[in-house]
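# Observations on the model geometry
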Amino acid sequence: MRLYNRAGYRLFLDAGERAAILAVARRACARDRTLIETLLFTGCRASELVEITPAQVDLEGHTVTLRSLKKRADASGRLGHVFRSVPVPPDYLDTLNTAHDLRAAQRSVRRASSPIWPIGRGRLWQIVKRILIEAGVPDAPQRSPKGFRHGFGVHAIVTGVPLHMLQKWMGHAQLSTTAIYADAVGKGEQDIVARMWG
């Protein structure tokens, strides 16, 4: 895993892009707003997002539980389901609950286990692309669902989240994978230096 492609282009959304995206998302319809905010606030993969159900949202504990889709088989060769919980802002959860009536959905077995966003990855990509273009994100590698995930990692490091905690939230098997985000540069590095010399 890397934060820059072979041509040197950034693969993550920076702080300014994340703020612009959030501003655009907050003017979008409820479905698109909550979808974009979930990518921003959880660092989940697109394939993980389309699986999130109301049962995986803890409104009181302020977490969203994600099924890690890239976990490998264990030593015995079995591939079990591995879940991780990511803490999220209470305001985001209020919006998610209001937009999708999560409390009522959680009381129904059928609705609690149905995806919050019943769309495919292709449709998700269309929504993301439209919001990113409207937010002024340049036509570059970070203008993708994966850019949200990498942006989440860089943002966490810049704001002082310890690597072991970020590793858990992102579902990385190896701390060395998470350590890539500690290689923040540009504005992210400037923020770290400002805090250091503060």
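Values in this document were obtained by computation on a predicted structure and should not be read as measured data. (Residues numbered from 1 in each chain as written. Predicted model: local features only at pLDDT ≥ 70, side-chain atom pairs only at ≥ 80, totals over all residues. Heavy atoms only, no water.)

## Quick look at the packing of helix α2 (residues 30-42) against helix α7 (residues 121-134)
Contact pair α2 / α7: the axes reach a minimum separation of 11 Å and the direction vectors enclose 85 degrees. The orientation of α2 relative to α7 falls into the category roughly perpendicular. Mapping the contact onto sequence places Arg-31, Asp-32, Leu-35, Ile-36 and Leu-39 in α2 and Arg-123, Leu-124, Ile-127, Val-128, Arg-130 and Ile-131 in α7. Considered class by class, the residues forming the contact of α2 with α7 number 7 nonpolar, no polar and 4 charged. (Axes fitted to C-alpha atoms, helices over the stretch in contact; angles between N-to-C directions. Helix = DSSP H or I, 4+ residues; strand = E, 2+ residues; numbered from the N terminus. Parallel < 35°, antiparallel > 145°, perpendicular 65-115°, else oblique. Contact = heavy atoms within 4.5 Å. Nonpolar A, V, L, I, M, F, W, Y, C, P; charged D, E, K, R; others polar.)

## Section: the sheet that holds strand β2 (residues 63-68)
If you trace the 3 strands from one edge of the open sheet to the other, you get β1-β2-β3, paired in antiparallel fashion. The open sheet has two free edges, formed respectively by β1 (57-58) and β3 (82-87), since each of these has just one partner strand. The sheet contact formed by β1 and β2 spans 2 bridges and is antiparallel. Considered in β2, the bridge of Val-57 is made with Val-64. (Pairing = 2+ DSSP bridges.)

## Considering the environment of Ala-179
Note that Ala-179 resides in the loop between α10 (175-178) and α11 (187-197). Its relative accessible area of 31% is what places Ala-179 among the partly exposed residues. With 16 residues separating them in the primary sequence, Ala-179 and Leu-163 have C-alpha atoms 6.7 Å apart. (Buried < 20%, exposed > 50% of the residue type's maximum accessible area, 1.4 Å probe, protein only.)

## Things to note about the confidence of the model for the chain
Predicted confidence across the chain gives a mean pLDDT of 88, with 87% of residues reaching 70 or more. Per-element averaging of pLDDT across the chain places α11 at the bottom with 65 and β1 at the top with 98. (pLDDT = per-residue confidence, 0-100.)

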